[in-house]
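Residue-level structure breakdown
Spelled out from the first residue to the last, the chains are:
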Amino acid sequence: MSALRYVYAICRPFEAALSAELAGVAGVPPKLLRHGGLIAVVGSVPEREFGAEPLRRRLEDVEWLEATARAHQGVIDALTAVTSPLPLRLATVLRDDSGVRVLMEERREDFLRTLDRLDGRVEWDVKVYTENTEAAGASVSSEAVGAFGGTLERAEEFTRRLHGTLSRCAEETRLRTPRNPAPSEEPDAEVLDAAYLVPRAESEEFVERVNGSARDEPGVRVELTGPWAAYSFTGSTGLTGFKGFTGLTGFARNTRNPWNAT
């Protein structure tokens, strides 16, 4: 059975050893491939599952996709604990070690610039939801809709203040379109989906600011997750996998339990 190379991340050399018990995608422990002053963190995966055509079919298997995403994220989390990796997206697969070296050579300057920018930094993700239990239910009265409208306005104002505060604590930010833009009949609408690039040494202060802001505002729920590898801040350097797989690393992160800031 032929094997392909699954590439998790690109890193600068680091001294700490990864756990010998760390199992990656397909149950294979990751290894470090060194080239040109960089390290690619790679694993072996079977071509019968990760070749281009089989992989497209596998992506329709939710259980397989979730297991693969969790294994991928486990390796990225282990790397984030010991260094500042440049994570590649889920299912970045090349033919062999030579193909990985070619990638590292061709993208070396891009990788080095991005690694310099991410060094010593982690990503924190913050989501804000309205929380109006009185308006929830199978049927929504006009009074409840009106109450929710007020809740939504307060939540949006709170979100502007919170994002301003957190942006001052972060070196970079990314705003994403909320998954369920708030209709008037929705009592639990997402009004903020943002990522913040924060120096690792300042993460405790960042978390305290999120938690402190959430305690002061009724009618909203703040969801904080992290620290993550800086997925949202890799730019084009993170997009070296097969076409159409953008966003699957977000799926991997979303399988984790969030820190609820309430």
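This text follows the structure it describes.
As a starting point, this report considers the structure included with it. Note that this is a predicted model, so its numbers are computed, not measured. (Residues numbered from 1 in each chain as written. Predicted model: local features only at pLDDT ≥ 70, side-chain atom pairs only at ≥ 80, totals over all residues. Heavy atoms only, no water.)

**Structural notes on the nonpolar core**
Tyr6, Tyr8, Phe50 and Leu79 are the most contacted members of the largest nonpolar core, which totals 25 residues. Ranked by residue count, the leading element in this core is helix α3 (residues 62-80), at seven residues. Tyr8 has contacts with Gly24, Val25, Val28, Pro30, Val41, Val42, Gly43, His72, Val75, Ile76, Pro87 and Leu88, leaving out every residue within four places of it along the chain. By size, the runner-up hydrophobic cluster in this structure holds 23 residues, among which are Trp124, Cys169, Val207 and Val210. (Core = buried A, V, L, I, M, F, W, Y, C linked by side-chain atoms within 4.5 Å. Buried < 20%, exposed > 50% of the residue type's maximum accessible area, 1.4 Å probe, protein only. Helix = DSSP H or I, 4+ residues; strand = E, 2+ residues; numbered from the N terminus. Contact = heavy atoms within 4.5 Å.)

**Overview of the environment of Ser98**
Looking at the element boundaries, Ser98 is found in helix α4 (residues 97-106). Owing to a relative accessible area of 44%, Ser98 belongs among the partly exposed residues under this scheme. The spatial distance from the C-alpha of Ser98 to the C-alpha of Arg5 is 9.7 Å, given a sequence separation of 93 residues.

**Some words on the packing of aromatic side chains**
Taken as a whole, this structure holds five aromatic pairs when the rule is applied. Their ring planes at 50 degrees and their centres at 4.8 Å tell us that Tyr6 and Tyr8 sit as a pair that is tilted. The buried category is assigned to Tyr6, whose relative accessible area is 0%. Their ring planes at 45 degrees and their centres at 5.4 Å tell us that Phe50 and Trp64 sit as a pair that is tilted. Of this pair, Phe50 sits in helix α1 (residues 47-50) while Trp64 sits in helix α3, and the two are 14 residues apart along the sequence. According to the relative accessible area criterion, Trp64 is buried, its value standing at 13%. Counting every residue linked through ring pairs, the aromatic cluster contains Tyr6, Tyr8, Phe50 and Trp64. Residue placement shows Arg221 over the ring face of Tyr129; its charged tip is 4.3 Å from the ring centre. (Phe/Tyr/Trp six-rings, centres within 6.5 Å; stacked < 30°, edge-to-face > 60°. Lys NZ or Arg CZ within 6 Å of the ring centre and 35° of its normal.)

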